[in-house]
Amino acid sequence: MPEARDCCQMLIRLWDMNNQVWETHQVEVPGKPKAGPRDAYLIVDGMHVEPDQDGNFIRDDYTDLELDAVHAFASARLTIDLWEKTLGEKIRWAWWWGIWRPRLHIEMYDPFTSASYRREERAIKFGSYGPDKRLTRRALD
């Protein structure tokens, strides 16, 4: 598990599909999160969402696509945090060699899938599903 000095708390917005609203939640990230959003484990490809002055991603002026990027990042971050707490150690991606640790890439829109993990691409890809094209990047599962 990451040491306390290596982590910080970050506020993010997550989409509540049941109530169709954005809710603010707190997640733990290694180090200080950066624009993207990204941290030592994850990066949202093709996005450049800036955190507020406190390093949080809860500004009121984000576009829907920027909020989706924050939600996808936060969902992945929450999942990693839960696994690390359960395992009692840091998750190490299969492609980590020594000190060099490329990030897991989050792709916001893949027209060919609802959602999938692609180990060979070091990526999680989000798409849509159903006749109304629900966005999987807004799902917590």
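Quick caveat: nothing in here was measured; it's all calculated off a predicted structure. (Residues numbered from 1 in each chain as written. Predicted model: local features only at pLDDT ≥ 70, side-chain atom pairs only at ≥ 80, totals over all residues. Heavy atoms only, no water.)

Trainee: For this particular structure, what's the right way to read the pattern of salt bridges?
Mentor: Oppositely charged side chains can pair when the atoms bearing their charge come close. In the structure shown here, the tally under the stated rule is six salt bridges. Salt-bridge contacts for Glu-121 lead to Lys-125; the nearest nitrogen and oxygen are separated by 2.7 Å. The partly exposed category is assigned to Glu-121, whose relative accessible area is 37%. Look at Lys-125 and you get buried, because its relative accessible area is 8%. A cluster of three or more residues bridged by salt bridges with shared partners is formed by Glu-107, Arg-118, Glu-121 and Lys-125. (Salt bridge = Lys/Arg side-chain N within 4 Å of Asp/Glu carboxyl O. Buried < 20%, exposed > 50% of the residue type's maximum accessible area, 1.4 Å probe, protein only.)

Trainee: It is not clear to me how the packing of aromatic side chains should be interpreted in this structure. Could you clarify?
Mentor: Each pair of aromatic rings is reported with the distance of its centres and the angle of its planes. Under the definition given, this model contains zero aromatic pairs. Stacked on the ring of Tyr-41, the Lys or Arg Arg-77 has its end atom at 5.0 Å from the ring centre. (Phe/Tyr/Trp six-rings, centres within 6.5 Å; stacked < 30°, edge-to-face > 60°. Lys NZ or Arg CZ within 6 Å of the ring centre and 35° of its normal.)

Trainee: What am I meant to see in the environment of Ala-94 here?
Mentor: Mapped onto the elements, Ala-94 comes out in the loop between helix H1 (64-87) and strand E4 (104-107). Considered as a pair, Ala-94 and Glu-120 are 26 residues apart in the sequence and their alpha carbons are 9.8 Å apart. (Helix = DSSP H or I, 4+ residues; strand = E, 2+ residues; numbered from the N terminus.)

Trainee: Is there a simple way to explain the sheet that holds strand E6 (residues 123-126) in this structure?
Mentor: Hydrogen bonds along the backbone pair up the strands of a sheet, which may run parallel or antiparallel. Strand order in this open sheet of four strands is E3-E4-E6-E5, and the pairing throughout is mixed. In this open sheet, the two edge strands, each paired with only one partner strand, are strand E3 (42-44) and strand E5 (115-118). Neighbour to neighbour, the strand axes of the sheet diverge by 15° on average, direction disregarded. Sheet analysis places E4 next to E6, joined by three bridges and oriented parallel. Each bridged residue has a counterpart across the sheet, and for His-105 the counterpart in E6 is Ala-123. Here H1 sits on the sheet in contact with E3, E4 and E6, set at roughly 165° to E3. (Pairing = 2+ DSSP bridges. Axes fitted to C-alpha atoms, helices over the stretch in contact; angles between N-to-C directions. Contact = heavy atoms within 4.5 Å.)

Trainee: For this particular structure, what's the right way to read the nonpolar core?
Mentor: Soluble globular proteins tend to pack their nonpolar side chains together in the buried interior. Ranked by internal contacts, the top residues of the largest apolar core, which has 27 residues, are Ile-12 and Leu-42. Only strand E1 (7-16), strand E2 (21-30), E3, H1 and E4 provide two or more residues apiece to this core. For this core, the element with the most residues is H1, which contributes eight residues. Other than its neighbours up to four places away in sequence, Leu-42 contacts Phe-73, Ala-76, Arg-77, Ile-80, Arg-103, Leu-104 and Ile-106. (Core = buried A, V, L, I, M, F, W, Y, C linked by side-chain atoms within 4.5 Å.)

Honestly, that's just the spatial picture; any functional story needs more than this.
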